[in-house]
Amino acid sequence: MNQNHTDAVPVIAIDGPTASGKGAVAQAVAQRLGFHYLDSGALYRLVAWLAIHAGWTSDTVLDVAHEQQLAQWASTLNVHFEGESIVLDGEEVGQAIRAEEVGNMASKIATVGVLREALLQRQRDFARPAGLVADGRDMASVVFPNATVKVFLTADAQIRAERRYKQLIEKGFSANMADLDKIVADLNARDERDRNRALAPLKPVADAFVLDTSHMSLEAAIQTVIERFRQVV
Ligand code: DC
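Every value quoted in this text rests on a predicted model; they were computed, and no experiment measured them.

Draft legend 1. Broad picture of the site of the ligand. Every one of the 17 residues lining the ligand counts as a neighbour, but Arg45, Arg116, Arg137, Asp194 and Arg197 are closest to it. At a separation of 2.8 Å, an oxygen atom of the ligand approaches a polar side-chain atom of Arg116. For the ligand, an oxygen atom lies 2.8 Å from a polar atom in the side chain of Arg197. When the free accessible area of the ligand is taken as 440 Å², the share hidden by the protein chains comes to 98%. At four residues, the largest contribution of residues to the shell around the ligand is made by helix α2 (residues 40-53). Grouping the constituent residues of the shell around the ligand by class yields four nonpolar, five polar and eight charged.

Here's what the structure looks like:
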């Protein structure tokens, strides 16, 4: 069924594990189609950033007493997205929230139900004309269950770790901070947590189009998603 009949604007949902290339693919597809872009992981990273700055550590952040504060931050995030720039409470954090420490903290807090709920409407508000490309873990399963196209982007863990390493170096993080062995270990731990959590776990929905980009160029992945979209609309 073409669910566009019921939805106001077309949505391309792209889910996948960390460093699968979903961000790069989603951004390029959005740009070429003239659609808006939602990097849902950035919202989780922003809340993680606030938690880190409140002095919480990965050991203390999941204390039940912290849940309401996490939800509160999520629902009141004072954030402005403009291309690569992300301004939180007047501070540019677009690059800082890409650090592995922030990603790992984001994966931890993403298990908290009240936080996920608080982010739900904020994510849906990104669906505006002419359309939206949204990337994350639960875009097709929870946030946009009626998405026009649902893509599950994946790649081998080792290849993803190498891509993440390159990305961190390109973003100006030092080789020390971007240690490859540590990245492989963190990536596996993060995948494990994101796939096995009780709420909105990372897995392809039944009607997802699974795209393995291990041996595929970025351009080929972009073209495949656009073709898929054109076939449906
Ligand atoms: O895509 P990312 O690496 O920026 O996401 C960081 C973490 O945020 C990820 O490990 C799990 C969480 N996340 C989520 O639970 N649901 C989403 N839709 C996006 C991210």
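What follows picks up the thread again.
Draft legend 2. Representation of the side chain of Arg98. By the element assignment, Arg98 lies in the loop between β5 (91-92) and α4 (100-109). There is a polar contact of 2.9 Å between the side chain of Arg98 and the side chain of Asp39. Filtering out sequence-adjacent residues up to four positions away, Arg98 remains in contact with Asp39, Ala42, Arg45, Ile86, Leu168, Lys171 and Phe173.

Draft legend 3. Geometry of the sheet that holds strand β8 (residues 209-212). Spatial ordering of the open sheet is given by β2-β6-β1-β7-β8, a layout of five strands whose pairing is parallel. The open sheet terminates on both sides in strands that have one partner only, identified here as β2 (36-39) and β8. The average angle at which neighbouring strand axes cross in this sheet is 20°, direction not considered. Helix-sheet contacts for helix α9 (residues 218-232) involve β1 (11-15), β7 (149-154) and β8, and the interaxial angle to β8 is about 165°.

Procedures and definitions
Residues numbered from 1 in each chain as written. Predicted model: local features only at pLDDT ≥ 70, side-chain atom pairs only at ≥ 80, totals over all residues. Heavy atoms only, no water. Near = heavy atom within 4 Å. Polar contact = N/O pair within 3.5 Å; in protein donor to acceptor, adjacent residues only side chain to side chain. Areas by Shrake-Rupley, 256 points an atom, 1.4 Å probe, with all protein chains shown as cover. Helix = DSSP H or I, 4+ residues; strand = E, 2+ residues; numbered from the N terminus. Nonpolar A, V, L, I, M, F, W, Y, C, P; charged D, E, K, R; others polar. Contact = heavy atoms within 4.5 Å. Pairing = 2+ DSSP bridges. Axes fitted to C-alpha atoms, helices over the stretch in contact; angles between N-to-C directions.

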